[in-house]
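An overview of the molecular structure
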Amino acid sequence: MGSEDSIKHPLVFAYYVTGHGFGHATRVVEVARHLILAGHDVHVVTGAPDYVFTTEIQSPRLFIRKVLLDCGAIQADALTVDRLASLEKYSETAIVPRDSILAKEVEWLKSIKADLVVSDVVPIACRAAADAGIRSVCVANFSWDTIYAEYITVAEYHMHSIVRQIAEDYSHCEFLIRLPGYCPMPAFRDSIDVPLVVRRLHKSREEVRKELGIGEDVKVVILNFGGQVCGSSESQNLPPNFVKLAKDSYTPDLIAASDCMLGKIGYGTVSEALSYKVPFVFVHRDYFNEEPFLRNMLEFYQGGVEMIRLDLLTGHWSPYLERAVSLKPCYEGGTNGGEVAAQILMETGSGKTIHQISVGKGISIAVNEITQTR
């Protein structure tokens with residue numbers, strides 16, 4: 001997919017991944033895969049396990065640096081967010097050691113000769129890029145100032161500055177590559193909308209079911225709670241109609257081979273459910289402002305059923321699953337957001353501005369200019 005220029009002049013991308021769950025890492029994989037296919041180097045800065053990246057990308061152009069520069073939302077379990085603990089952890093991770101983080105990141109960015117910093121959606125990465133004299137772009141459907149804005153209502157006043165600091169960090173970003181199901185993100189000046197970023201399938205539905213020993217006449221529900229329930233412990237005894245999956249199982253193949261999914265709403269689960277037309281039974285999660293916007297998209301395309309939390313915990317699942325398998329999800333939009341985002345990043349890394357970006361034949365983008373007073 002890369003142009004001749006991109007191959008003649010390989011670029012170096014520093015791609016920062018937020019520390020919240022695996023969903024961000026998995027979509028970074030898809031964008032990074034296209035950058036590497038076009039002949040560029042990608043340095044991923046992440047706290048996620050290596051296999052999340054290396055199972056999909058086997059290339060000497062992929063470099064993984066294990067550093068965690070934010071913490072996301074701290075959860076007591078798969079559905080419970082601890083607002084105060086989230087703010088305290090972010091302060092401990094990115095505010096208190098801020099000066100040393102910036103100094104170290106600037107030095108590192110210069111050492112790898114980065115052409116562009118990409119963030120999904122680590123705030124301090126944007127400021128580090130600015131301090132290093134390097135352009136930066138964010139790729140996201142939400143930003144942490146939007147999420148944390150709800151959390152400061154339970155925090156002491158000195159914590160309120162966290163949200164302002166995050167927004168100020170994002171303001172150093174040149175523009176936002178905005179993913180479908182996005183929530184308001186006023187910290188960014190400009191944005192470009194792209195299609196869903198979705199990981200490709202490796203195996204067919206039939207292949208996956210055959211490997212699991214499940215016939216086509218059997219209805220399958222996949223439990224997917226963002227790394228909290230995926231892959232049970234070896235010592236855990238499960239009922240006979242449950243299948244224990246390996247922790248590094250390739251989730252897209254499993255979702256596409258299922259008749260419905262049961263889990264919590266997040267970008268990864270919603271995008272893959274919509275793309276593979278798998279009905280999604282979801283349980284509401286408090287204090288995560290990303291959810292209403294993804295839920296609207298899921299329900300607009302007739303792919304979602306909400307389950308009451310008590311019914312999840314007490315095993316009263318049947319009515320919801322029966323309703324789900326009767327749905328006919330109807331999403332027909334683009335699923336090549338990884339390719340489109342990569343093309344935009346390559347154009348930007350080569351020196352073009354937002355008004356000069358062209359992503360090629362058959363691919364359209366929408367540019368939204370957000371004018372703000374700073």
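Located above this text is the structure these notes cover.
Below: a short report on this structure.

Calculation rules
- By convention here, each chain's residues receive numbers from 1 onward along its written sequence.
- The predicted origin of the model limits local features to residues at a pLDDT of at least 70 and limits the giving and counting of side-chain atom pairs to 80 or more, whereas totals for whole chains, interfaces and linings rest on all residues.
- Hydrogens and water are ignored here; the side-chain numbers use all heavy atoms of the structure.
- Numbering of helices and strands starts at the N terminus; helices are DSSP runs of H or I of at least 4 residues and strands are runs of E of at least 2.
- When we talk radius of gyration, it's over C-alpha atoms, and the globule rule is simply 2.2 Å times the number of residues to the 0.38.
- Should any heavy atoms of two residues lie within 4.5 Å, those residues are considered in contact.
- The Shrake-Rupley method, run with a 1.4 Å probe sphere, supplies the accessible areas, and residue values consider only the shown protein chains as cover.
- Note on classification: 1.4 Å probe, protein chains only; a residue is buried when its accessible area is under 20% of the maximum for its type, exposed when over 50%, partly exposed between these limits.
- For our purposes a nonpolar core is just a set of buried Ala, Val, Leu, Ile, Met, Phe, Trp, Tyr and Cys residues, chained together by side-chain atoms within 4.5 Å.
- In protein, a polar contact requires one atom able to donate a hydrogen and another able to accept it; more generally it is a pair of N or O atoms within 3.5 Å, and residues adjacent in sequence count only if both atoms are side-chain atoms.
- Any Lys or Arg side-chain nitrogen located within 4 Å of an Asp or Glu carboxyl oxygen qualifies as a salt bridge.
- Here the rule is simple: two strands pair whenever DSSP picks up at least two bridges between them.
- Axis lines are fitted to C-alpha atoms, over the contacting stretch for helices. Their N-to-C directions set the angle, which ranges from 0 to 180 degrees.

To continue, consider the overall build of the protein chain. The number of helices and strands found in the protein chain is 15 helices and 14 strands. Whereas a compact globule of 374 residues would reach a radius of gyration of roughly 21 Å, the protein chain reaches 21 Å, a difference of no more than 12%. Taking the principal axes of the C-alpha coordinates as reference, the protein chain spans close to 55 × 55 × 40 Å. Put simply, 66% of the contacts in the protein chain that link residues at least 6 apart link residues at least 24 apart. Carbon and sulfur atoms provide 52% of the accessible area of the protein chain, an area that totals close to 16,700 Å².

The next subject is the environment of Pro 10. Mapped onto the elements, Pro 10 comes out in the loop between helix 1 (4–8) and strand 1 (12–17). What makes Pro 10 partly exposed here is its relative accessible area of 41%. Along the backbone, Pro 10 and Leu 35 are 25 residues apart, and their C-alpha atoms lie at a distance of 9.8 Å. Residues in contact with Pro 10, not counting those within four places in the same chain, are Gly 39, His 40, Arg 61 and Asp 115.

In this section: unusual backbone geometry. Between Asp 120 and the following residue, Val 121, the backbone shows a cis peptide bond with an omega angle of -15°. Inspection of the secondary structure puts Val 121 in the loop between strand 6 (116–120) and helix 6 (123–132). Backbone geometry at Lys 113 places phi at a positive 55°, although glycine is not the residue there. Considering the arrangement of structural elements, one finds Lys 113 in the loop between helix 5 (98–111) and strand 6. Here the phi dihedral of Lys 277 falls at roughly 55°; this positive angle occurs in a residue that is not glycine.

Generally speaking, nonpolar side chains in soluble globular proteins are found buried as a group. Core analysis: the biggest nonpolar cluster contains 60 residues, and Phe 13, Phe 53, Ile 177, Ile 344 and Leu 345 have the highest contact counts within it. Sorting elements by how many residues they give to this core places helix 2 (residues 23–37) first, with seven residues. When neighbours within four sequence positions are excluded, Ile 177 is seen to be in contact with Val 137, Cys 138, Val 139, Ala 140, Ile 192, Val 194, Ala 341, Ile 344 and Leu 345. Core analysis: the next-biggest nonpolar cluster, separate from the first, contains 29 residues, Ala 73, Tyr 151, Ala 155 and Tyr 170 among them.

Here we take up helix 6. Counting buried residues along helix 6, seven of its ten residues qualify, which places the element largely inside the surrounding structure. Among the residues making up helix 6, those that are buried are Pro 123, Ile 124, Ala 125, Cys 126, Ala 128, Ala 129 and Ala 132. Gly 133, located one to two residues past helix 6, shows a positive phi value of around 75°.

Position of Ser 171 relative to the elements: it lies in the loop between helix 8 (161–170) and strand 8 (175–178). We classify Ser 171 as buried; its relative accessible area is 15%. Looking at Ser 171, its side chain comes within polar contact range of the main-chain oxygen of Glu 168, at 2.5 Å.

Counted according to the given criterion, the structure contains 23 salt bridges. A salt bridge links Glu 30 to Arg 33, with the shortest nitrogen-to-oxygen separation between them at 2.8 Å. Residue Glu 30 and its partner Arg 33 are located together in helix 2, separated by three residues, close to a single helical turn. Since its relative accessible area comes to 12%, Arg 33 is described here as buried. Of the charged contacts in the structure, one is a salt bridge between Lys 277 and Glu 332, with a shortest N-O distance of 3.5 Å. Highlighted residues: Lys 277 in the loop between helix 11 (267–275) and strand 12 (280–283) and Glu 332 in the loop between helix 14 (318–325) and helix 15 (337–349), separated in sequence by 55 residues. In this structure Lys 277 comes out as partly exposed when scored by relative accessible area, which is 33%. For Glu 332, a relative accessible area of 65% puts it in the exposed group. Taken together, the shared-partner salt bridges connect Glu 30, Arg 33, Glu 56 and Arg 200 into one network.

As a further point, take the sheet that holds strand 12. Spatially, 10-11-12-13 is the arrangement adopted by the four strands of the open sheet, whose pairing is parallel. The open sheet has two edge strands, strand 10 (221–224) and strand 13 (304–307), and neither has a second partner. Across the sheet, the axes of successive neighbouring strands diverge by a mean angle of 25°, strand direction being ignored. Of the strand pairs in this sheet, strand 10 and strand 11 (residues 260–263) are connected by four bridges, and their pairing is parallel. Bridge pairing in strand 11 links Ile 222 to Met 261. This element, helix 12 (residues 291–300), spans strand 12 and strand 13 of the sheet and lies at about 155° to strand 12.

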